[in-house]
Amino acid sequence: DRVEARAGLARVAAAALDQAEARLQENRLEDARQALVLARELQVPRQRADAIAERLRVAEAAHAGLDALIAQARHAEAMGESQLALQTYQRVLALQPTHTAALEAREDLLSAQLQQAGAQLAKGDLAAAATRVAQARALDPGHVELPQAQAQLARAVEQRLQAADAALRRKRLDQALAAYQLLLSAAPDNAAARRGMERVALAHAAAATRAAADFHFDQAQASLAQARALAPRLPEIRQAEQALLRAHQSQSRLV
């Protein structure tokens, strides 16, 4: 049965590839693309699929009117709409990856974008700078100015992390929390910042335990709520809850 199924899939794949070629000859480009996608999903011979894909790209380039797209992109640039211009140049390059004018224009726009990222870093806006650097990396991983921009961003993240850790050591929990949150908005995968958030939660849990021991129940509840909001699964939070419960019981016995 498996042999028959594989043979059937192979026949379907070959038919899809034949259909892609036929639709391409008929200039039905969208139908050709859909048939090619299906053929690739069914793992047709790569060499023939690649040849059809190349022909399809050339046909789409002619059909789309690359000159018109370039004109749209340049108009967007002139109007100060750099993101729209970048998107339009990307459309051109998706159709014709070696289009010189689009490559050069995209490079210039990304250079300007990376310079803006540097200015945002100087103002302390890590999240906005990180977004610009990430977009530049996605559009052109080999951009000549990208390594420097990434290094600047990494230094800024490290400096902010050190400042957050220092605030935490001085028990300035709100300041530390704000710094860690800013770091995570710029670098969501930053493990050190996530650990910092947990350390802030631990500090709040410890404060709740101390406040409960002094029968300062409102303060204990407030600290406990902050700890839960940051890291609800920490075992120290459960311990603080139990300390608060015991403190209530002790007060009841004293009364």
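Our structure's up above, just so we're on the same page.
In this report, we go over the structure that sits alongside the text. Every value quoted in this text rests on a predicted model; they were computed, and no experiment measured them. Position numbers for residues start from 1 in each chain and track the written sequence from start to end. The predicted origin of the model limits local features to residues at a pLDDT of at least 70 and limits the giving and counting of side-chain atom pairs to 80 or more, whereas totals for whole chains, interfaces and linings rest on all residues. Where side-chain values are given, they derive from all heavy atoms of the structure, hydrogens and water being excluded.

### Quick notes on the overall build of the protein
Move 1: Of the regular secondary structure elements, the protein holds 12 helices and 0 strands.
Move 2: Helix and strand definitions here come from DSSP, where helices need a minimum of 4 consecutive H or I residues and strands a minimum of 2 consecutive E residues; each element is numbered from the N-terminal end. Each helix and strand of the protein, ordered N terminal to C terminal, gives the series α-α-α-α-α-α-α-α-α-α-α-α.
Move 3: What the globule rule says is 2.2 Å times the number of residues to the power 0.38, and the radius of gyration is computed from C-alpha atoms. On C-alpha atoms alone, the protein measures out to a radius of gyration of 29 Å, which is more than a quarter above the 18 Å that the 2.2 N^0.38 rule sets for 255 residues.
Move 4: Seen along its three principal axes, the alpha-carbon backbone of the protein occupies a region of about 90 × 60 × 25 Å.
Move 5: The contact rule is simple, with two residues in contact once any of their heavy atoms fall within 4.5 Å. A separation of at least 24 residues holds for 51% of the contacts in the protein among residues at least 6 apart in sequence.

### Brief notes about helix α5 (residues 82-95)
Move 1: Given a helix with a known number of residues, its expected span is that number minus one, times 1.5 Å. For α5, built from 14 residues, the straight-helix expectation of 20 Å at 1.5 Å per residue is met to within 8% by its first-to-last C-alpha distance of 20 Å.
Move 2: Think of it in three bands: residues with accessible area under 20% of the maximum for their type are buried, residues over 50% are exposed, and the middle band is partly exposed, with areas taken using a 1.4 Å probe on protein chains only. Every buried residue of α5 is listed here: Ala85, Leu86, Thr88, Tyr89, Val92, Leu93 and Leu95.
Move 3: Looking at the buried residues of α5, the elements they touch are α3 (46-64), α4 (66-78), α6 (100-122) and α7 (126-139).

### Comments concerning the nonpolar core
Move 1: Definition used in this section: a nonpolar core is a set of buried Ala, Val, Leu, Ile, Met, Phe, Trp, Tyr and Cys residues joined via side-chain atoms within 4.5 Å. Membership of the largest hydrophobic core comes to 45 residues, with the highest contact counts inside it found for Tyr89, Val133, Tyr180, Leu183 and Val200.
Move 2: Taken together, the elements giving at least two residues each to this core come down to α4, α5, α6, α7, α8 (146-169), α9 (173-186) and α10 (191-213).
Move 3: Of the residues forming this core, the biggest block, 9 residues, is contributed by α8.
Move 4: In this structure, Val200 is in contact with Leu168, Leu173, Ala176, Leu177, Tyr180 and Leu230, ignoring residues within four places of it in sequence.

### Let's talk about the packing of helix α2 (residues 29-41) against α3
Move 1: At their nearest, the axes of α2 and α3 sit 11 Å apart, and the two run at 155° to each other. Here α2 lies roughly antiparallel to α3, going by the angle between them. Here the hand of the crossing between α2 and α3 comes out left-handed. Of the residues in α3, those touching α2 at Leu29, Ala32, Arg33, Leu36 and Arg40 are Ala49, Asp50, Ile52, Ala53, Leu56, Ala59, Glu60 and His63.
Move 2: We call Asp, Glu, Lys and Arg charged. Ala, Val, Leu, Ile, Met, Phe, Trp, Tyr, Cys and Pro are nonpolar, and the rest, Gly among them, are polar. Per-class residue counts for the contact of α2 with α3 are 8 nonpolar, 1 polar and 4 charged. A fitted line through C-alpha atoms serves as each axis, taken over the contacting stretch for helices, and the angle formed by two N-to-C directions is quoted from 0 to 180°. Note on angle classes: values under 35 degrees are labelled roughly parallel, values over 145 roughly antiparallel, values of 65 to 115 roughly perpendicular, and the remainder oblique. Should the near helix be turned anticlockwise from the far one by less than a right angle, the crossing is left-handed, and should it be turned clockwise, the crossing is right-handed.

### Points about unusual backbone geometry
Move 1: Of note in this structure, Gln43 is not a glycine but carries a positive phi near 65°.
Move 2: Along the chain, the position of Gln43 falls in the loop between α2 and α3.
Move 3: Even without being a glycine, Phe215 presents a positive backbone phi close to 65°.
Move 4: Tracing the sequence through the fold places Phe215 in the loop between α10 and α11 (217-230).

### A short note on a negative patch on the surface
Move 1: A contiguous patch of negative charge, built from Glu77, Glu104, Glu107 and Asp108, is present on the exposed surface.
Move 2: For the negative patch, the leading source of residues is α6, giving 3 residues. Put simply, a patch holds well-exposed residues, over 30% relative accessible area, that have no salt bridge, with like charges counted together within 9 Å and Val, Leu, Ile, Met, Phe, Trp or Tyr side chains within 5 Å. In this description, accessible areas are obtained by the Shrake-Rupley approach with a 1.4 Å probe, and a residue is regarded as covered only by the protein chains that are shown. Think of a salt bridge as a Lys or Arg side-chain nitrogen and an Asp or Glu carboxyl oxygen that are within 4 Å of each other. When charges are counted, Lys and Arg contribute as positive and Asp and Glu as negative, whereas His and the chain ends are disregarded. Charge placement uses NZ in Lys and CZ in Arg. For Asp and Glu, CG and CD serve respectively.

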